[in-house]
Amino acid sequence: MTDSTAESTEANANTLRLELLKVLTEIFHDGVGRGGGKDHQVETDGVLNAIDEAVTRILTCLGKVESKKPPVVVPKEFICKLSKTIMIEPVIIASGQTFEKKHITKWLKHNTTCPETKAVLSHLCLTPNHSISELITQWCLVNKYDRPDPQPSDETVIEMFTGDIEPLLHRISSPSSVADQIEAAKELALQTSKFVNVREFFVKELHDSITRLLTPLSNLGDDVDSNPELQENILTSLLNISTVEKSQKVIAENPLVIPLLTKSLRKGTDQTKTVSAATLTSLSGIDSNKIIIGNSEALKALIDLIGDSDDLLATGEAGYAILNLCFDELENAEKAVSEGLILTLLKKIVAGRNVENMVSILASISTNNRAKDEIEELGIVCDILKILRNPSCLLTGENAIEILFNMFDRIRGTARLGILQEEELLYKTFTKLARQGSDRAARKAQEILQWMEMFAEKERRQTMLEFAALN
């Protein structure tokens, strides 16, 4: 169906709605049923029958017209790859992919791999994807799409007996053999992944549990990766336990935790680095923990991981951790910039590695004045414009325009403005985004267009005044 046909259909539907409203209004204002007498009753019955026929005719026509409307196409980014329907509660899994919570939960009951990438997951924790959820909500409002409400879960989880956890911890902290220690660490990682009550019990009920869990790795010093399997399973247990919000403050304040995670970001398998970064993301959900982590070497280690690693999962998790640590925490943002974050992100963007995540971090940090200076010095604006022409998804487009929007005050009136004007002249990038982008992206594109026009008008007036002065 063409745009003109769709507009015509909508116009016909509106006309029928107005006619229906008119008939219903007449029912209330024509005095039907007022007065008395047999003749009046006959007249009233005739009027009611005529009204009934008119309403039936209009509703029938309206139904036919409504059926001709083109179906609303849901953007593929909003569709769960498991259910093939629009997501209600989108969550991120360890692979960085987003799925509907209900369906990925069922999948993970029988699988430890990502249904999309087929990669083995480093952990089975689910993180709400608030950004995608908000985008879906806004899109549904604009397109009048009925998005179902979340349904309460009817799943029954069989919890593990918590009495089995103390013996496992003893086998890890005071092992009879290295093989038994690894086996116990592997079992603890599995149980803390499966059962919520085990995670809660571990910190709340077991004395000095975090220290006892981490001491075997801490004792290895700089050779923390000398037993990769033990390192991986102990840190996976720590990650699982850290998802309990009530335990996060106690965990972060333990003197072994942050230094050990920092070492493991630098020394270990890709999966161990991924798990270490994910643990820092989890712990940084509390403001006081952001300060603790920010005052350590962990932030630098996360930036180095992004720069040095080609593993998408590890760099992705490091990116999420940096986002969390710098959100509403000015000192951490300043430190991240001074530690080389902007240049590291630029290199990854230019190389085309994990661009969506890198642009998301850059958008978050681009409100910082020091970051703006460095973005301008490094000439990142041109790279962001390339991304904006053909964004890989709606969220990347939003983040790219966010960076330009935040930078605009710095580039207005400089050579950078010429780059934006040339971009609009050659590709109509901002005009297209203002018409076709998401609500958030379209608003920012419109403001940039207005600013560009205002500046152009100011330049025209200045030129006219200079010309008049010469004559």
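Further up the page is the structure itself.
What comes next is a walk through the structure. (Residues numbered from 1 in each chain as written. Predicted model: local features only at pLDDT ≥ 70, side-chain atom pairs only at ≥ 80, totals over all residues. Heavy atoms only, no water.)

Things to note about the sheet that holds strand β2 (residues 98-100)
Using the following cut-off: Between any two strands, at least two bridges found by DSSP are needed for them to pair. Helix and strand assignments follow DSSP, with helices taken as H or I runs no shorter than four residues and strands as E runs no shorter than two, numbered in order from the N terminus.
Strand order in this open sheet of three strands is β2-β1-β3, and the pairing throughout is antiparallel. Two strands close off the open sheet at either side, each with one partner strand: β2 and β3 (127-128). Here three bridges tie strand β1 (residues 90-92) to β2, and the two strands are oriented antiparallel to one another. Residue pairing for β2: Pro 90 is matched across the bridge by Glu 100.

Focus: helix α6 (residues 178-194)
Since there are 3.6 residues in each turn of an α-helix, residues three or four apart along the chain are aligned in direction. Formally: Working rule for helices: expected span equals 1.5 Å times residues minus one. Throughout this description, buried means an accessible area under 20% of the type-specific maximum (1.4 Å probe, protein chains only), exposed means over 50%, and partly exposed covers the range between. A contact between two residues is defined here by any heavy atoms of the two lying within 4.5 Å.
The terminal C-alpha atoms of α6, which comprises 17 residues, lie 25 Å apart, in line with the 24 Å expected from a rise of 1.5 Å per residue. Considered for burial, the residues of α6 that qualify are Gln 181, Ile 182, Ala 184, Ala 185, Leu 188, Ala 189, Gln 191, Thr 192 and Ser 193. The inward-facing, buried residues of α6 abut α5 (165-173), α7 (196-205), α8 (209-218) and α9 (228-242).

A short note on the packing of helix α12 (residues 270-283) against helix α15 (residues 312-326)
Under the convention used in this document: Between N-to-C directions, angles cover 0 to 180 degrees, with each direction set by a line fitted to C-alpha atoms, over the stretch in contact for helices. In this scheme, roughly parallel covers angles under 35 degrees and roughly antiparallel covers those over 145, while 65 to 115 is roughly perpendicular and the rest are oblique. Crossing handedness is defined as follows: a turn of the near helix away from the far one that is anticlockwise and smaller than a right angle gives a left-handed crossing, while the clockwise case is right-handed. In this classification, Asp, Glu, Lys and Arg are treated as charged, Ala, Val, Leu, Ile, Met, Phe, Trp, Tyr, Cys and Pro as nonpolar, and every other residue, Gly included, as polar.
Put simply, α12 and α15 touch, their axes get as near as 8 Å, and they point 15 degrees apart. Our classification of the angle between α12 and α15 gives roughly parallel. Seen from above, α12 lies across α15 with left-handed handedness. Contacts from Asp 270, Thr 274, Ala 277, Ala 278, Leu 280 and Thr 281 of α12 reach α15 at Leu 313, Ala 314, Glu 317, Ala 318, Tyr 320, Ala 321 and Asn 324. The class makeup of the residues in the contact of α12 with α15 is eight nonpolar, three polar and two charged.

Quick notes on the packing of helix α10 (residues 245-253) against helix α13 (residues 287-294)
In the contact formed by α10 and α13, the axes pass within 10 Å of each other and the chain directions differ by 20 degrees. One way to sum up the angle between α10 and α13 is to call them roughly parallel. Crossing of α10 over α13 shows left-handed handedness. Across from Gln 248, Lys 249, Ala 252 and Glu 253 in α10, the residues of α13 making contact are Ser 288, Asn 289 and Ile 292. Looking at the contact of α10 with α13 residue by residue, the classes come out as two nonpolar, three polar and two charged.

A closer look at the nonpolar core
Rules: We define the nonpolar core as a collection of buried residues of types Ala, Val, Leu, Ile, Met, Phe, Trp, Tyr and Cys that are connected through side-chain atoms lying within 4.5 Å of one another.
With 93 residues, the main nonpolar core has Phe 202 and Leu 362 as its most contacted residues. Non-local contacts of Phe 202, meaning those with residues more than four positions away in its chain, are made with Ile 165, Leu 169, Leu 188, Ser 209, Ile 210, Leu 213 and Ile 241. Counting 18 residues, the second largest nonpolar core, distinct from the first, contains Phe 78, Leu 108, Leu 135 and Ile 136.

Brief notes about the side chain of Glu 329
What counts is decided by this rule: We count Lys and Arg on the positive side and Asp and Glu on the negative side, and we leave His and both chain ends out. Take a side-chain nitrogen of Lys or Arg and a carboxyl oxygen of Asp or Glu: if they are within 4 Å of each other, that pair is a salt bridge.
If you trace the backbone, Glu 329 turns up in the loop between α15 and α16 (330-338). The side chain of Glu 329 is buried and forms no salt bridge, while Lys 290, the nearest opposite charge, is found at 6.0 Å. Residues within four places of Glu 329 in sequence aside, it is in contact with Lys 290 and Ile 291.

Section: the packing of aromatic side chains
Heads up, the rule is: Any pair of Phe, Tyr and Trp rings, taking the six-membered ring for Trp, is counted once the centres come within 6.5 Å. Such a pair is stacked with planes under 30 degrees apart, edge-to-face with planes over 60 apart, and tilted for the rest.
Applying the stated criterion across every chain yields a total of three aromatic pairs. For the ring pair Phe 78 and Trp 139, a centre distance of 6.1 Å and an interplane angle of 70 degrees mean the geometry is edge-to-face. Of this pair, Phe 78 sits in the loop between α2 (38-67) and β1 while Trp 139 is found in helix α4 (residues 130-143), placing the two residues 61 residues apart along the sequence. No difference in accessibility class separates Phe 78 from Trp 139, as the two residues are buried.

Considerations on the environment of Arg 199
Selection criterion: What qualifies as a polar contact is a pair of N or O atoms within 3.5 Å, subject to a donor-acceptor requirement within protein and to the restriction that residues adjacent in sequence count only when both atoms come from side chains.
By secondary structure assignment, the location of Arg 199 is in helix α7. For Arg 199, a relative accessible area of 13% puts it in the buried group. Placed 48 residues apart in sequence, Arg 199 and Ser 247 show a C-alpha to C-alpha distance of 9.0 Å. Leave out the neighbours within four places in its chain, and Arg 199 touches Thr 192, Ser 193, Lys 194, Asn 240, Ile 241, Thr 243 and Val 244. A distance of 2.9 Å separates a polar atom in the side chain of Arg 199 from the backbone oxygen of Ser 193.

Some thoughts on the pattern of salt bridges
It is possible for side chains of opposite charge to pair when their charged atoms get near one another. The final tally for this structure, using the stated rule, is 16 salt bridges. As a salt-bridge pair, Glu 77 and Lys 76 come within 3.5 Å of each other at their nearest N and O atoms. Using a relative accessible area of 24% as the deciding quantity, one classes Glu 77 as partly exposed. Linking Arg 440 and Glu 398 is a salt bridge whose minimum nitrogen-to-oxygen distance equals 2.7 Å. Within this pair, whereas Arg 440 is found in helix α24 (residues 439-470), its partner Glu 398 is found in helix α21 (residues 394-411), the two being separated by 42 residues in sequence. Look at Arg 440 and you get partly exposed, because its relative accessible area is 31%. Residues joined in a network through salt bridges with shared partners are Glu 398, Glu 402, Arg 440 and Lys 444.

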